[in-house]
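# An overview of the molecular structure
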Amino acid sequence: MPMLTEWRTGGEGIPGYRALADRLRLLVLDGRLPVDTVLPSERTLAEALQTSRTTTTSAYRLLREAGFAEGSQGAGTWTTLPRSEGRGEAPIWPEHLSGEPDPAGARGDFSSAALEAPAELYPAYQAALAEMPRFLPGNGYVTSGLPLLRDRIAQRYTAAGLPTTPEQILVTNGALQALHLVLSLVMERGDRVLVEHPTYPAAAQAIRTRGGRCVPLPVEAGWDIGRMATLIRQTGAHLAYVMPDFQNPTGRLMTEDDRRELGAMIADTGCRIIVDETMRELDLRTAIPTAQGREGSEPLPMPRPLAGFAPAEHVITLGSASKTFWGGLRIGWVRASQPLIRRLGLARGNEDLGGPLLEQLATAHLLENLDQIKAHRQQLVAGRALALREALAQNLPGWVVPLPQGGISLWCHLPEPRSSHVAAAARSMGVWLTPGPRFGLDGAFEARIRLPFARPSADLVAMTEVLSRAWHAQGRPHTMDDDLTTV
Ligand SMILES: Cc1ncc(COP(=O)(O)O)c(C=O)c1O
């Protein structure tokens with residue numbers, strides 16, 4: 001029911017059953033209502049929404065006709081995806097995310113916070129290829145990761161003030177796989193897990209699909225460690241998932257004082273914490289002032305990784321090459337105590353015998369040039385952040401758009417709770433974006449939108465113009481009928 005608040009905002013003159021079907025369709029499409037979810041009976045839904053039974057019956061019929069539901073009166077109704085969209089879990093990524101370059105920018109993409117490859121990537125692959133003959137006589141399996149890469153990753157932590165050995169690193173196929181692997185070992189079905197609110201949607205989904213129950217910790221105004229401790233005590237949660245380094249989607253950085261307090265709280269409560277540092281290298285605190293022409297300010301130091309503040313057995317850190325270098329590498333890792341890494345390696349070997357060698361070699365090369373790549377990327381991304389913010393100020397002056405400390409997105413505050421409606425309208429105009437509630441639990445954040453600045457500035461400006469039309473199209477009917485032709 002919380003996901004259906006404001007369901008009538010479909011626009012003037014749209015019958016209630018269409019507005020309701022439209023909202024349910026969007027919830028299925030963006031994954032908030034997973035496929036095969038049993039919907040409430042028509043009568044129950046009508047009573048809960050204080051609408052007529054005819055409205056809910058007609059809405060369900062429309063959903064069935066469009067392929068977003070199956071079942072019948074009496075037998076119950078459950079969610080599906082139209083055959084052309086495939087079956088299984090509703091896509092966490094939009095269907096168009098194929099890895100192919102966007103044909104002449106035919107579609108605007110505000111849905112993915114991931115950058116194009118840096119110039120250093122292709123040479124890194126070439127260097128990796130040249131080294132491959134050395135590995136060919138062996139069997140090629142490196143289940144815990146290529147020793148050279150584990151070593152480079154460990155060195156990077158040590159240089160950041162957190163002494164680390166290669167045996168404390170397990171290389172995975174991306175941070176998301178790392179998260180699933182960690183959850184499979186440290187979470188039981190039914191466990192409560194503290195998550196930041198808003199949070200990274202795939203993480204919340206990983207926790208839920210593995211039977212965990214997410215407990216929200218508000219972080220829009222920063223981390224309140226006292227509140228976190230209270231929540232842990234009240235709910236019995238003994239696991240938390242946090243992103244202290246440029247939180248996705250708010251772009252916030254946890255202060256050193258908060259890290260210290262959090263570390264002490266972890267020692268005190270015995271809670272375990274999964275720290276996702278995927279965005280750590282995208283620090284914009286110095287790059288944004290520089291891109292604004294304010295030169296001369298001293299670079300702000302990054303606080304030490306959170307694992308440096310808490311007992312080693314209680315912190316599990318996730319990292320990724322996806323944002324720093326490129327998503328196509330599919331390289332991530334876990335940093336934890338050596339015994340835990342050993343257990344994770346064994347668990348991983350049960351279902352996946354390791355990552356590809358070439359990508360691991362290429363990533364090891366890229367890590368050699370980390371400082372240079374990072375500096376260039378930060379400058380590039382800072383310019384885009386400012387261009388998007390300026391375009392929003394011009395086209396959507398009522399939106400409040402705080403500048404992030406880092407990361408690749410703006411977390412926009414809308415003057416009205418119409419995020420899902422705007423996402424649906426923008427999509428019908430060719431621009432994909434993820435509505436605010438995708439980052440929340442139980443329908444929260446209908447008055448927020450996350451806008452990544454991952455594309456060149458000119459694209460961002462053009463996409464913002466479409467977004468503005470979608471926002472102002474409040475009365476424009478965007479209904480299931482439109483979609484029947486576009487899905
Ligand atoms: C916070 C966070 N964690 C993990 C991931 C997934 O990373 P990977 O591509 O390494 O699986 C992302 C990607 O968007 C992310 O934003």
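Residues numbered from 1 in each chain as written. Predicted model: local features only at pLDDT ≥ 70, side-chain atom pairs only at ≥ 80, totals over all residues. Heavy atoms only, no water.

- The name an unreviewed UniProt entry gives the chain is DNA-binding transcriptional MocR family regulator, with Kineosporia succinea as the organism.
- Looking at the Sequence similarities (unreviewed entry) heading of the UniProt record, one finds this comment for the chain: "In the C-terminal section; belongs to the class-I pyridoxal-phosphate-dependent aminotransferase family." (UniProt positions renumbered as here; feature names shortened; annotations may be inferred.)

### Comments concerning the nonpolar core
- Among the nonpolar cores identified, the biggest contains 51 residues, and Met228, Leu262, Ile273 and Leu329 are the most heavily contacted of them.
- When residues in this core are grouped by element, the largest group, 6 residues, is from helix H12 (residues 357-368).
- What isoleucine 273 contacts, discounting residues up to four positions off in sequence, is Met228, Ala240, Val242, Leu262, Ile266, Leu306, His314, Val315 and Ile316.
- Of all hydrophobic cores here, the second largest spans 39 residues; its members include Ala113, Ala287, Ala382 and Leu410. (Core = buried A, V, L, I, M, F, W, Y, C linked by side-chain atoms within 4.5 Å. Buried < 20%, exposed > 50% of the residue type's maximum accessible area, 1.4 Å probe, protein only. Helix = DSSP H or I, 4+ residues; strand = E, 2+ residues; numbered from the N terminus. Contact = heavy atoms within 4.5 Å.)

### A closer look at the pairing of strand S5 (residues 192-197)
- In terms of burial, S5 is a largely internal element, 5 of the 6 residues being buried.
- In this fold, S5 hands off to helix H7 (residues 201-209), which returns the chain to strand S6 (residues 213-218); that crossover is right-handed.
- Across 3 bridges, the pairing between S5 and strand S7 (residues 239-242) is parallel. Bridge assignment links valine 193 to a residue of S7, and that residue is leucine 239. (Right-handed = clockwise from strand over helix to strand, strands pointing away. Pairing = 2+ DSSP bridges.)

### As for the environment of alanine 307
- Within the fold, alanine 307 resides in the loop between helix H10 (287-291) and strand S9 (315-320).
- Judged by relative accessible area, which is 9%, alanine 307 ranks as buried.
- As for alanine 307 and alanine 336, which are separated by 29 residues in sequence, their C-alpha atoms are 8.7 Å apart.
- Every residue in contact with alanine 307, bar those within four places of it in the chain, is listed here: Leu162, Val315, Thr317 and Arg335.

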